[in-house]
Amino acid sequence: MYKKDFEIRWSDVDANSHLANSAYVNFMSHTRVGFLNEHGFSMRELIAHGIGPVVFSEQIYYFKESFLGQTITVTLAVSGLSDDGMLFKFEHNFYNEKGKHLATCDILGAWIDLKARSLTVLPESLKALMKQFPKSENFKVLTKADTRSSGKVPKNLS
């Protein structure tokens, strides 16, 4: 399990004086970038391959409040990957200084070709690194069907 600690700053709280939803999202993003960097997916490496990560969905469940000045720990566990390296699923958990579980979030995403602006599989060198990612207890091999498991599909206005 990958971990990062954050001190809740003034800019991280909302009008209710607790950690804002946007701060949860920012902390998760920072944690994912740290995890990817430490596992060979640096920004330089991604740019060299012309790819970048995109998030399809984030499902956050809140259990307990956290407040200004507190330190929280955000964890990341890899809960799903597709065989071709296109899709990924990460589970983030938030804990306070006493280890109390504050929130959890499942994030489903994929890799895109930055020029073609379409989903792409990982190059072999990155796919080999991805296969070494530490996996969660509930790890699942992902397929394209998992990207529509919520039942949500695009519905245009016209």
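Residues numbered from 1 in each chain as written. Predicted model: local features only at pLDDT ≥ 70, side-chain atom pairs only at ≥ 80, totals over all residues. Heavy atoms only, no water.

Digging into the overall build of the chain
Working step 1: Along its length, the chain carries three helices and seven strands.
Working step 2: Secondary structure elements in the chain, listed N-terminal to C-terminal, are β-α-α-β-β-β-β-β-α-β.
Working step 3: Computed over the C-alpha atoms, the radius of gyration of the chain is 17 Å, within 12% of the 15 Å expected from 2.2 N^0.38 for a compact globule of 158 residues.
Working step 4: Looking at the chain as a whole, 40% of its 158 residues are labelled buried.
Working step 5: Put simply, of all contacts in the chain between residues at least 6 apart along the chain, 70% involve residues at least 24 apart.
Working step 6: Carbon together with sulfur atoms contributes 52% to the accessible area of the chain, which is approximately 9500 Å² in total.
Working step 7: The chain carries 19 positive and 17 negative side-chain charges, and their two centres are separated by 4 Å. (Helix = DSSP H or I, 4+ residues; strand = E, 2+ residues; numbered from the N terminus. Rg over C-alpha atoms; globule rule 2.2 N^0.38 Å. Buried < 20%, exposed > 50% of the residue type's maximum accessible area, 1.4 Å probe, protein only. Contact = heavy atoms within 4.5 Å. Areas by Shrake-Rupley, 256 points an atom, 1.4 Å probe, with all protein chains shown as cover. Lys, Arg positive; Asp, Glu negative; His and termini not counted. Charge placed at Lys NZ, Arg CZ, Asp CG, Glu CD.)

A short note on the environment of alanine 20
Working step 1: One can find alanine 20 in the loop between strand S1 (2–7) and helix H1 (21–38).
Working step 2: Between the alpha carbons of alanine 20 and serine 66 there is a distance of 9.3 Å; along the sequence they are 46 residues apart.

A look at the confidence of the model for the chain
Working step 1: Taken over all residues, the pLDDT of the chain has a mean of 96, while the share at 70 or more is 100%.
Working step 2: Confidence, expressed as mean pLDDT per element, reaches its minimum in the chain at helix H3 (residues 124–130) with 94 and its maximum at S1 with 98. (pLDDT = per-residue confidence, 0-100.)

Description of the packing of aromatic side chains
Each pair of aromatic rings is reported with the distance of its centres and the angle of its planes.
Working step 1: Using the criterion set out here, one finds 10 aromatic pairs in the structure.
Working step 2: Between phenylalanine 35 and phenylalanine 90, the aromatic rings sit 6.0 Å apart at their centres with planes inclined by 65 degrees, giving edge-to-face as the arrangement. Remark: phenylalanine 90 occurs in strand S4 (residues 87–95) and phenylalanine 35 occurs in helix H1; sequence separation between them is 55 residues.
Working step 3: For the ring pair phenylalanine 35 and phenylalanine 133, a centre distance of 5.1 Å and an interplane angle of 70 degrees mean the geometry is edge-to-face. Here phenylalanine 35, found in helix H1, pairs with phenylalanine 133, found in the loop between H3 and strand S7 (135–142); they are 98 residues apart in sequence, far enough to count as distant. Here phenylalanine 35 and phenylalanine 133 have matching classes, each one buried.
Working step 4: Joined through ring pairs, the aromatic side chains of Tyr2, Phe35, Phe41, Phe88, Phe90, Trp111 and Phe133 make up one cluster. (Phe/Tyr/Trp six-rings, centres within 6.5 Å; stacked < 30°, edge-to-face > 60°.)

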